[in-house]
Amino acid sequence: MKNTKPRNREHRTRSAQAGTLVTIHVRIPREAYDQMRDMERRRLYTKDEVFLLGLRATETM
C-alpha cells in the first residue's frame, strides 16, 4: 500500500550546526536598503560585502 501523505520537511533537511550561525535584525532607512539591493543587483558587491560595508559604516558613528 502506497502512502501519498507528504513528509514533514524537518525530516528531510538538516538543521544548521548549533553555534555557527547568528541571526541579526537591523532597522535601516528605506533609502539605505534600496541602495544595498541596487548594489547586489548590479553585482557590484556580494551580500557579505554589503554587510561588512554597513558594519564598517556603523563603527564610525
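Residues numbered from 1 in each chain as written. Predicted model: local features only at pLDDT ≥ 70, side-chain atom pairs only at ≥ 80, totals over all residues. Heavy atoms only, no water.

Focus on unusual backbone geometry
(1) Moving on: Even without a glycine there, the phi angle at arginine 43 is positive, about 60°.
(2) Moving on: On the secondary structure map, arginine 43 appears in the loop between α1 (30-41) and α2 (47-59).
(3) Moving on: In this structure arginine 43 comes out as exposed when scored by relative accessible area, which is 74%. (Helix = DSSP H or I, 4+ residues; strand = E, 2+ residues; numbered from the N terminus. Buried < 20%, exposed > 50% of the residue type's maximum accessible area, 1.4 Å probe, protein only.)

Concerning the side chain of glutamate 40
(1) Moving on: Position of glutamate 40 among the secondary structure elements: in helix α1.
(2) Moving on: Judged by its relative accessible area of 17%, glutamate 40 is buried.
(3) Moving on: With residues up to four places along the chain from it excluded, the contact list for glutamate 40 reads Tyr45, Lys47 and Val50. (Contact = heavy atoms within 4.5 Å.)

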